Amino acid sequence: MSAVMITRKVRKWEKLPGKNTFCCDGRVMMARQKGVFYLTMFLIIGTCSLFFAFECPYLAVHLSPAIPVFAAVLFLFVMAMLLRTSFSDPGVLPRALPDEATFIEMEIEAANGNVPPGQRAPPRIRNVQINSQIVKLKYCYTCKIFRPPRASHCSICDNCVDRFDHHCPWVGNCVGKRNYRYFYMFTLSLSLLTIYIFTFNIVHVAMRSVVSGFLNTLKDTPGTVVELLVCFFTLWSVVGLTGFHTYLISLNQTTNEDIKGSWSGKNRIQNPYSHKNIIKNCCEVLCGPTYPSVLDRRGLMQEDLAALAALPSTNSDTVSQTTRPVLCLQKTTAPLIPNEHTPDEAKSIADSAAEKSSSPKEEQPPSAKLPPLASPETDAEASIAKDKPH
C-alpha cells in the first residue's frame, strides 16, 4: 500500500456546525424545520391569487384601476421582505477554534481555582460596562465562547445569534441582528396587505349585493368567502405581532429580553441600550448600519485527502485489474473563520512512514554455529569399511 496526499478546495458552509441548511452554494441559509415557512408562503400567495382573480377585475372597472396595481406592489414588497428574512444569516456567531477553547478553559480554571468535590462550580460569566452599567456575558458550553451582549444560543438552529430576538418558524429562520429590520418590515407590510384585502373584499361583496343580492354574490364568487375567513383570522395575529414589535423597537429591546425581564425584573436594572428617546431608538434599530456576516460561508478552504492505493501484483491475473484508491478524510487545514489560524496538525502519513523507515533496525543476535552434519554418502562408506574383512 502507498499513501498519497490529495488537497481539494471546498466551501466553508459545507463544514459549518449547527443545524442550518444551505442552498444555492451557501447563498441561502435557513433552519432545517421549513414546513411552517411553506405554509406562510401558501397562505400569502393563495389569498392574493384569489383576490386578483375574483375582486380585482370588478373593482378595477367599477371603482379604480389603481386598486389591483397597489395590491400587486404591496404583495411584491411582502414577498421580498419574507424571502430576505428567511434566506439571510441572522447574525450567527462562529464557534471557538480548539486552541481558543483550550485557552478559555485554562483562564476559567485559573480564575475559579480548585473547586472542592461535592460543590458546584461558580457560573462562567464576565462583566463588561456598557453606558455606565454592568452587563454580564454568559459562557456558551456548545460554542465555547463568552457570548457578546444581547446574544443568545438558539436551541433549534444550535447556534449563538448576535442580538437574538427569537426563532420564528413562520419565516423558517432565527431573527437577530442582521435580519430584524426585514422581519419587522415583513410583519408591517403583511398587516397592511391583510387589511387592504379584507377591506376591499367587504366593499366588493357590498357593491355586488346591491345588484344581485348577498347570497347570489357569495355563490358567484366562492373565493371571496375563503379570503374573508383567512383575512379575519390572520388579521388579529399579524396586527398584534406588528404592534408588539413596534413597542419593542421604541424601547430598543428584544423579544428575548422582554420575556426574561432583563430590564424590568426585581433588580430594576435600566436598559443600557435605550437612548431614552423613541425616535432615536427607532432610527438605531431600523436605520442603523447593515452588519456583514462573520461566517464567510462561501469562502474557500483546503481539505486534505489521503488516498491509499494498492500496489499492482506481479501475478498476470492481478496486474490486469485496476486498483481503486480508498479515500480517507483528514482534518481540514484552513479555518472556518477568516483571519483565524488553526492549531498545528499532526504529522502526515508520509512523514510517519519516512520516519519509520529511517529509524535503525534492531540488531539480531548472532545465531549459534552448528557442527556440520555428515552426508548420507559418507555414512554408507563408513559402514561398508567396517563390515569388510581385514
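It should be emphasised that the depicted structure is a prediction, and the values quoted were computed from it without experimental measurement. (Residues numbered from 1 in each chain as written. Predicted model: local features only at pLDDT ≥ 70, side-chain atom pairs only at ≥ 80, totals over all residues. Heavy atoms only, no water.)

**What to know about the overall build of the chain**
1) Next: Helix and strand counts for the chain stand at 11 helices and 12 strands.
2) Next: Burial analysis of the chain (390 residues in total) assigns 36% to the buried set.
3) Next: For the chain, the computed accessible surface area is about 24400 Å², with 62% contributed by carbon and sulfur atoms. (Helix = DSSP H or I, 4+ residues; strand = E, 2+ residues; numbered from the N terminus. Buried < 20%, exposed > 50% of the residue type's maximum accessible area, 1.4 Å probe, protein only. Areas by Shrake-Rupley, 256 points an atom, 1.4 Å probe, with all protein chains shown as cover.)

**Looking at the sheet that holds strand β4 (residues 125–129)**
Strand pairing within a sheet occurs via backbone hydrogen bonds; the two strands may be parallel or antiparallel.
1) Next: Ordered in space as β4-β5-β6, the three strands form an open sheet in which the pairing is antiparallel. In this open sheet, the two edge strands, each paired with only one partner strand, are β4 and β6 (145–146).
2) Next: Bridging between strand β5 (residues 134–140) and β6 involves two bridges; their strand directions are antiparallel. Bridging across to β6, Cys-140 finds its partner in Ile-145. (Pairing = 2+ DSSP bridges.)

**Brief notes about the pairing of β4**
1) Next: Examined bridge by bridge, β4 and β5 share five bridges and lie antiparallel to one another. Bridge assignment links Arg-126 to a residue of β5, and that residue is Leu-137.
2) Next: Following β4, the chain reverses through four residues before pairing antiparallel with β5; Asn-131 in that reversal takes a positive phi of roughly 55 degrees.

**Focus: the pattern of salt bridges**
1) Next: Counting across every chain of the model gives four salt bridges.
2) Next: The closest approach of N and O atoms between Asp-25 and Arg-11, which form a salt bridge, is 3.4 Å. Placement of the pair is Asp-25 in the loop between β2 (20–23) and β3 (28–31) and Arg-11 in strand β1 (residues 2–11), with a sequence separation of 14 residues.
3) Next: What makes Asp-25 partly exposed here is its relative accessible area of 31%.
4) Next: For Glu-257, the salt bridge identified is with Arg-150, shortest N-O distance 2.9 Å. (Salt bridge = Lys/Arg side-chain N within 4 Å of Asp/Glu carboxyl O.)

**Here's the deal with the nonpolar core**
1) Next: In terms of nonpolar packing, the biggest core is built from 37 residues, with Ile-44, Phe-51, Leu-82 and Phe-186 touching the most fellow members.
2) Next: Those elements that provide at least two residues to this core are β3, α1 (35–62), α2 (66–86), α4 (180–212) and α6 (222–251).
3) Next: Sort the elements by how many residues they give to this core and α4 lands first, with 11 residues.
4) Next: Sequence-distant contacts of Phe-186, defined by excluding residues within four places in its chain, comprise Thr-40, Ile-44, Val-78, Met-81, Leu-82 and Val-171. (Core = buried A, V, L, I, M, F, W, Y, C linked by side-chain atoms within 4.5 Å. Contact = heavy atoms within 4.5 Å.)

**Brief notes about the packing of α4 against helix α8 (residues 278–287)**
1) Next: One way to put it is that α4 packs onto α8 with a least axis distance of 8 Å and a crossing angle of 105 degrees. It follows from the interaxial angle that α4 and α8 lie roughly perpendicular. Of the residues in α8, those touching α4 at Tyr-180, Arg-181 and Tyr-184 are Val-285, Leu-286 and Cys-287.
2) Next: When the residues that make up the contact of α4 with α8 are grouped by side-chain class, the tally is five nonpolar, no polar and one charged. (Axes fitted to C-alpha atoms, helices over the stretch in contact; angles between N-to-C directions. Parallel < 35°, antiparallel > 145°, perpendicular 65-115°, else oblique. Nonpolar A, V, L, I, M, F, W, Y, C, P; charged D, E, K, R; others polar.)

**Remarks on α1**
1) Next: Compared with the 40 Å implied by 1.5 Å per residue over 28 residues, the 40 Å span of α1 between its first and last C-alpha is a close match.
2) Next: In the structure, α1 departs most strongly from a straight axis at Glu-55, where the bend amounts to approximately 50 degrees and where the proline Pro-57 lies between one and four residues downstream.
3) Next: Taken together, the buried positions of α1 are occupied by Phe-37, Thr-40, Met-41, Ile-44, Thr-47, Cys-48, Phe-51, Glu-55, Cys-56, Tyr-58 and Leu-59.
4) Next: Packing partners of the buried residues in α1 comprise β3, α2, α4 and α6. (Expected span 1.5 Å × (residues − 1). Bend = angle between axes of the 7 residues up to and from the residue.)

**Looking at a nonpolar patch on the surface**
1) Next: Together, Val-36, Leu-39, Phe-42, Leu-43 and Trp-170 line one region of the surface with nonpolar side chains, adding up to about 470 Å² of accessible area.
2) Next: Here Val-36 shows up in helix α1.
3) Next: Residue classification places Val-36 among the partly exposed positions, given a relative accessible area of 31%. (Patch = residues over 30% accessible without salt bridge, like charges linked within 9 Å, V, L, I, M, F, W, Y side chains within 5 Å.)

**With respect to the packing of α4 against α6**
1) Next: Where α4 meets α6, the closest approach of the two axes is 8 Å, and the angle between their N-to-C directions is 145 degrees. Once α4 is placed against α6, the crossing between them reads as left-handed.
2) Next: Along the lines of polarity and charge, the residues of the contact of α4 with α6 split into 19 nonpolar, nine polar and one charged. (Left-handed = near helix turned anticlockwise from the far one by under 90°.)

**Here we look at the state of the cysteines**
1) Next: As enumerated under the stated definition, the model contains zero disulfides in all.
2) Next: In this structure Cys-24 is not part of a disulfide, and its nearest cysteine sulfur, from Cys-23, lies 6.0 Å away.
3) Next: Look at Cys-24 and you get exposed, because its relative accessible area is 53%.
4) Next: We note that Cys-48 lacks a disulfide partner, and the nearest cysteine sulfur, in Cys-231, lies 8.2 Å from it.
5) Next: Judged by relative accessible area, which is 4%, Cys-48 ranks as buried. (Disulfide = S-S within 2.5 Å.)

**Description of the environment of Gln-133**
1) Next: With respect to the element layout, Gln-133 can be found in the loop between β4 and β5.
2) Next: With residues up to four places along the chain from it excluded, the contact list for Gln-133 reads Val-128, Trp-263, Ile-269, Gln-270 and Pro-272.
3) Next: Polar contacts involving the side chain of Gln-133 include one to the main-chain carbonyl oxygen of Gln-270, which spans 2.6 Å. (Polar contact = N/O pair within 3.5 Å; in protein donor to acceptor, adjacent residues only side chain to side chain.)

**Remarks on the environment of Lys-136**
1) Next: Among the structural elements, Lys-136 can be located in strand β5.
2) Next: C-alpha of Lys-136 to C-alpha of Phe-146: the two residues are 10 residues apart in sequence and 9.8 Å apart in space.
3) Next: Every residue in contact with Lys-136, bar those within four places of it in the chain, is listed here: Ile-125, Arg-126 and Asn-127.

**Some points on the confidence of the model for the chain**
When pLDDT is low, close inspection of the predicted coordinates is not appropriate.
1) Next: Looking at the chain as a whole, its pLDDT mean stands at 78, while 72% of the residues score no less than 70.
2) Next: Across residues 313–350 the pLDDT falls below 50, and counting only partners more than four positions away or on other chains, this stretch makes 60 contacts in the model.
3) Next: Counting contacts from residues 357–378, a segment whose pLDDT is below 50, to residues more than four positions away or on other chains yields one contact. (pLDDT = per-residue confidence, 0-100.)

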